[in-house]
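Here are the chains, one letter per residue:
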Amino acid sequence: MASEFTFIVNKTCPICKNSTRVVKLKAKLPVVSVDEDFCSHYKKGFNPYYYHIWVCEKCGFAGDEKNFLAVMPKKHQEKIRKVLEEKKVKFVFMEERQMPDAVASYRLARLFAELRDMSLYQQAGIYLRIAWLYRFSEEKDMEMEYMGKAVDMYERSRLSELYPQGNMTEYDLLYLIAAIHYRMNHFEESKKYISKLMAYTELRRLAPKAYDSTKKLLESIREQEKEKEKNNKTAGRNVYKRR
């Protein structure tokens, strides 16, 4: 049960100013594995990503803990209030969320992130987490759709925003874009960003983790390409034999 890992607290919504219940994690959970694009996997039975977004049970405003509690300019508050007046949000508070609840919370967070003029980097991160949710539920088409939205926004962010953004350096961003393309089987695009990253002569010294991750990613691409070439040759021989 989720209650083994969560507890309920009351917070003041920055939009409607009412007290609302939100769910917090009791402690960090041990990570079983991490995908190339930083998606963490935990023991089956509980998914902390389901609870990353807080949703006001009174008005429907949504955001992660940091953005929910941050001081918000009045112009953004007024813009969000206007939208919520026109479009009533029906989000039922539940301590134990299911997949549809989690996806709905992130979609709301993405809407309000845009209304608050949050960075493309931050909005891309929301799209990426939605893709992860679909990865966990093994809905490949939906995962790919949101991976595409995420990588497009990360690429736009790289061209228009200054880095670092939070803990994300430009090195990390280039690696992440390459990793997302890899997960989408866009190997040529992935190699393009790997080349950009490896062109930094000081990469190994300044960002050793990014350097090591990039090398592993390139090795994985080469292995995939070799396997694909092998399969194509086998398929070609089989066609020739049938003739």
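Since we're looking at a predicted model, the values are computed, not measured. (Residues numbered from 1 in each chain as written. Predicted model: local features only at pLDDT ≥ 70, side-chain atom pairs only at ≥ 80, totals over all residues. Heavy atoms only, no water.)

A. Spatial organisation of the overall build of the chain. Within the chain one finds nine helices and six strands. With the C-alpha coordinates of the chain rotated into their principal frame, the extents come out at 70 × 45 × 35 Å. Per-residue burial over the chain gives 43% buried out of 243 residues. Intrachain contacts of the chain at a sequence separation of at least 6 include 61% that bridge at least 24 residues. In the chain, 46 positive and 34 negative side-chain charges are present, and the distance between their average locations comes to 0 Å. (Helix = DSSP H or I, 4+ residues; strand = E, 2+ residues; numbered from the N terminus. Buried < 20%, exposed > 50% of the residue type's maximum accessible area, 1.4 Å probe, protein only. Contact = heavy atoms within 4.5 Å. Lys, Arg positive; Asp, Glu negative; His and termini not counted. Charge placed at Lys NZ, Arg CZ, Asp CG, Glu CD.)

B. Spotlight on the packing of aromatic side chains. Summed over all chains, the structure comprises 15 aromatic pairs. A ring pair is formed by F61 and F68, whose centres lie 5.5 Å apart and whose planes are at 40°; its orientation type is tilted. Judged by relative accessible area, F61 falls into the buried class, the value being 0%. Exposure remark for F68: the relative accessible area of 1% places this residue in the buried category. Their ring planes at 80° and their centres at 5.1 Å tell us that Y171 and Y200 sit as a pair that is edge-to-face. With Y171 in helix α6 (residues 170–183) and Y200 in the loop between α7 (187–198) and α8 (203–206), this pair connects stretches of sequence that are 29 residues apart. For Y171, a relative accessible area of 18% puts it in the buried group. Here a set of aromatic residues connected by ring pairs shows up, and it is made of Y42, Y49, W132 and F136. Here K149 stacks its cationic end above the ring of Y146, 5.7 Å away from the centre of that ring. (Phe/Tyr/Trp six-rings, centres within 6.5 Å; stacked < 30°, edge-to-face > 60°. Lys NZ or Arg CZ within 6 Å of the ring centre and 35° of its normal.)

C. How the structure looks around the environment of P73. Along the polypeptide, P73 turns up in the loop between α1 (65–69) and α2 (74–86). Sequence separation of P73 and R116 is 43 residues, and the distance between their C-alpha atoms is 8.8 Å.

D. Molecular detail of the packing of helix α4 (residues 120–136) against helix α5 (residues 140–160). Between α4 and α5, the shortest axis-to-axis distance is 8 Å and the interhelical angle comes to 160°. If you check the angle between α4 and α5, you find them roughly antiparallel. Note that α4 runs across α5; the crossing there is left-handed. Residues L120, Y121, Q123, A124, G125, Y127, L128, I130, A131, Y134 and R135 of α4 pack against M142, E143, Y146, M147, K149, A150, M153, Y154, R156, S157 and S160 of α5. For the contact of α4 with α5, the per-class residue count stands at 14 nonpolar, four polar and four charged. (Axes fitted to C-alpha atoms, helices over the stretch in contact; angles between N-to-C directions. Parallel < 35°, antiparallel > 145°, perpendicular 65-115°, else oblique. Left-handed = near helix turned anticlockwise from the far one by under 90°. Nonpolar A, V, L, I, M, F, W, Y, C, P; charged D, E, K, R; others polar.)

E. Expanded view of the side chain of R97. Along the chain, R97 falls in the loop between α2 and α3 (99–115). For R97, the side chain forms a polar contact with the main-chain oxygen of Y50, separated by 2.8 Å. In this structure the side chain of R97 is engaged in a polar contact, spanning 2.9 Å, whose partner is the backbone oxygen of I53. Not counting chain neighbours up to four residues away, the residues in contact with R97 comprise Y50, Y51, I53, W54, V55, F91 and S105. (Polar contact = N/O pair within 3.5 Å; in protein donor to acceptor, adjacent residues only side chain to side chain.)

F. Spatial organisation of the side chain of Q77. Following the sequence through the fold, Q77 ends up in helix α2. Of the residues examined, Q77 reaches a relative accessible area of 11% and is grouped as buried. Polar side-chain contacts of Q77 include one of 2.8 Å to the backbone oxygen of M72. In contact with Q77, other than residues within four places in its own chain, are P14, I15, K17 and M72.

G. Spotlight on unusual backbone geometry. Here the residue pair Y163 and P164 is connected by a cis peptide bond, since its omega of 10° sits within 30 degrees of zero. In this structure, P164 sits in the loop between α5 and α6. Residue K17 is not a glycine yet carries a positive backbone phi of 70°. Of note, K17 is situated in the loop between β1 (6–12) and β2 (19–25). Since its relative accessible area comes to 48%, K17 is described here as partly exposed. Despite not being glycine, E138 shows a phi value in the positive range, around 60°. Mapping E138 onto the fold places it in the loop between α4 and α5. Residue classification places E138 among the exposed residues on the basis of a relative accessible area of 72%.

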